[in-house]
Amino acid sequence: MATRALPGRPVWREAAAAALATGGAAGAEAPGRPGPLRDETLGVVSVPSQWRGAQGSRGVTKSCQTVSIATAEASAQTRKHADAQVQTEPPVPVGAPPGSRHDGPGLTAFLRRVEAMVIRELNKNWQSHAFDGFEVNWTEPQQTVTCLHTLGYPPAQGQGLHVTSVSWNSTGSVVACAYGRLDDGDWSTLKSFVCAWNLDRRGLNPRQPSAVVEVPSAVMCLAFHPTQPSHIAGGLYSGEVLVWDMSRPEDPLLWRTGLTDDTHTDPVYQVVWLPEPRHSHRFRVLSVATDGKVLLWQVTGPGQLQLTEGFALVVQQLPRNTKLKKPHRGETEVGTTAVAFSSFDPSLFVLGTEGGFPLKCSLAVEEVALTRMPSSVCLRAPAQFAFSPHGGPVYSVSCSPFHRNLFLSAGTDGHVHLYSMLQAQPLTSLQLSHKYLFAVRWSPVRPLVFAAASGEGDVQLFDLQKSSQKPTVSIKQTQDESPVYCLEFNCQQTQLLAAGDAKGTVKVWQLSTEFTEQGPSETEGLEQLAAEVAT
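The rules behind the values
- Residues numbered from 1 in each chain as written.
- Predicted model: local features only at pLDDT ≥ 70, side-chain atom pairs only at ≥ 80, totals over all residues.
- Heavy atoms only, no water.
- Phe/Tyr/Trp six-rings, centres within 6.5 Å; stacked < 30°, edge-to-face > 60°.
- Helix = DSSP H or I, 4+ residues; strand = E, 2+ residues; numbered from the N terminus.
- Buried < 20%, exposed > 50% of the residue type's maximum accessible area, 1.4 Å probe, protein only.
- Core = buried A, V, L, I, M, F, W, Y, C linked by side-chain atoms within 4.5 Å.
- Pairing = 2+ DSSP bridges.
- Axes fitted to C-alpha atoms, helices over the stretch in contact; angles between N-to-C directions.
- Expected span 1.5 Å × (residues − 1).
- Bend = angle between axes of the 7 residues up to and from the residue.
- Contact = heavy atoms within 4.5 Å.

In the annotation of an unreviewed UniProt entry, the entry for the protein reads WD repeat-containing protein 34, and the organism field reads Pipistrellus nathusii.

Quick look at the structure:
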């Protein structure tokens, strides 16, 4: 029987199956039968895949590319290159000094002949006052008065607020102004501002102050601390006295008096920093107001100003030479509007009053004031001498920094009076305006120069060495004749003068050289002027 290989099965397996089926032994040979099983190698059959070919024909080739990367090459080179070297001079050998070539006996005889003459001329020069007060100034002379800056704070100007006070800090680089109102009205709850500009800062924006403090009542006066450049004291319409740190914009308030029985009951018109008698590096704040009180405040705790001394002006205790109108029934206090301290006696000061008369006062008085005003300290009566009055309230007083007996006053009668502490009548009376005069200040560097702010929009500069009757220069601060309410000389940068007006503007004026350089014998001229007053 023929054996046929089945598909998928090996041939040798088919042959073996057939032999077993016939009962023969695998290894036996029999006549007429096939031999033993052997491995056989057949040809390779290759069947190509039709499916893979069909899929490959439908394949799609794709590619992608990222956005092209920008590249650049750069190089740097210094602008300048320089080589430098230093060499000391070659040492000179020290040898014997050359022999003297002059005639010894002849030189000695000459010196003896001229000795008396040279000594006489040297004594003459030593006694001469030709160069007294002369200081070398290497800055370029300034021939005219020019406006360097026009400063303002738009939110305050938009409310119609006035610049009521200006002050320079101890370095002379920062000017601050108070915004409030000086016309009639109740401004105790009027939101106002204290603004400061650093004039040395690069990119100064005249419409954007370096520091701004919002205040819940109109600010009437300011005074920077004498040694702390960022500390400034202010008096409010509500009667409070506050001290701010302008370097802390988030929380500037340092100390305040609060509203107590000790606080002023009327607007505070001026504040002054005074050194403590026993500790000159510590300072107190003195305030004056139209309630007739002069108060001294001291820092005693966190955030608190405490009253340490107080004075009161009472009609019955004024000097006998004071000519007063009969006060209304029940009114005994005399309102104070301005104060100035002597540069020579720390206890001596001058007060300006609503009654128009300046008063010479002292911190060292012992007399108790006859007043019923409540106070935690004993109020004393400071007035010692009264001067001839103005025709209206005195708005400003200024003591001379060069003479112990001279001071200026300005009032609503448009006059500036020059007084001596030694007599009641003024040395001279100058009518500078047909309206009010709001401020007057002595120059810190020129003994015979002062400035005044008028209600007609002018800043007037006087040089008494040139004329005692008319201003040397009259500066137009406002074009619409709005009043100029305040002005201050810069004691550090003496060529600068700041003035504030009713338009809410502070102008910084650069003075000409004639107002900043002291002339020869100017101090002697001031002494002569004071001596004429005293005779």
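Asker: I'd like to hear about the packing of aromatic side chains, residue by residue, with values.
Answerer: One pass over the full model with this rule turns up 12 aromatic pairs. Both rings, one in Tyr153 and one in Phe193, keep their centres 5.3 Å apart while their planes meet at 75°; by these two values the pair is edge-to-face. Placement of Tyr153 in the loop between strand S1 (146-152) and helix H4 (154-158) and of Phe193 in strand S4 (residues 192-198) is noted, with a sequence separation of 40 residues between them. For Tyr153, a relative accessible area of 13% translates into the label buried. Measuring from ring centre to ring centre gives 6.1 Å for Tyr395 and Tyr436, while their planes differ by 75°; the resulting arrangement is edge-to-face. Highlighted residues: Tyr395 in strand S19 (residues 394-399) and Tyr436 in the loop between strand S22 (428-431) and strand S23 (437-442), separated in sequence by 41 residues. Judged by relative accessible area, which is 30%, Tyr395 ranks as partly exposed. Among the residues examined, Tyr436 registers a relative accessible area of 40% and is labelled partly exposed.

Asker: So what's going on with the nonpolar core? Residues and values would help.
Answerer: Cys177, Tyr179 and Trp197 are the most contacted members of the largest nonpolar core, which totals 24 residues. When residues of this core are traced back to their parent elements, those giving at least two are strand S2 (162-168), strand S3 (174-180), S4, strand S28 (496-501) and strand S29 (505-510). By size, the runner-up hydrophobic cluster in this structure holds 23 residues, among which are Val268, Trp297, Leu305 and Leu307.

Asker: Tell me about the sheet that holds strand S14 (residues 336-341), residues and numbers included.
Answerer: Pairing is antiparallel across the open sheet formed by four strands, whose spatial order is S14-S15-S16-S18. The open sheet terminates on both sides in strands that have one partner only, identified here as S14 and strand S18 (383-386). Within the sheet, the average angular offset between the axes of one strand and its neighbour, ignoring direction, is 30°. In terms of strand pairing, strand S16 (residues 359-362) meets S18 through three bridges, oriented antiparallel.

Asker: Give a description of helix H3 (residues 104-127) that names residues and reports values.
Answerer: Counting along an α-helix, one turn takes 3.6 residues, and residues three or four places apart therefore face a common direction. The first and last C-alpha atoms of H3 sit 34 Å apart over 24 residues, in line with the 34 Å expected at 1.5 Å per residue. A bend of about 45° at Val114 is the largest found in H3.

Asker: Pulling in residues and values, what's your account of the environment of Thr494?
Answerer: The topology assignment puts Thr494 in the loop between strand S27 (484-489) and S28. In sequence terms Thr494 and Pro444 are 50 residues apart; their C-alpha atoms lie 7.4 Å from each other. Apart from residues lying up to four places away in sequence, Thr494 is in contact with Val445, Leu511 and Thr516.

Asker: Tell me about the pairing of strand S7 (residues 231-236), and name the residues and values.
Answerer: In terms of residue burial, S7 counts as a mostly covered element, since six of its six residues are buried. Here S7 shows two buried faces, one formed by His231, Ala233 and Gly235 and the other by Ile232, Gly234 and Leu236. By the bridge criterion, five bridges tie strand S6 (residues 219-224) to S7 in an arrangement that is antiparallel. Paired with Phe224 across the two strands is Ile232, which belongs to S7. Between the end of S6 and the start of S7, which pair antiparallel, lie six residues. Judged from the five bridges that link them, S7 and strand S8 (residues 241-245) form a sheet pairing that is antiparallel.

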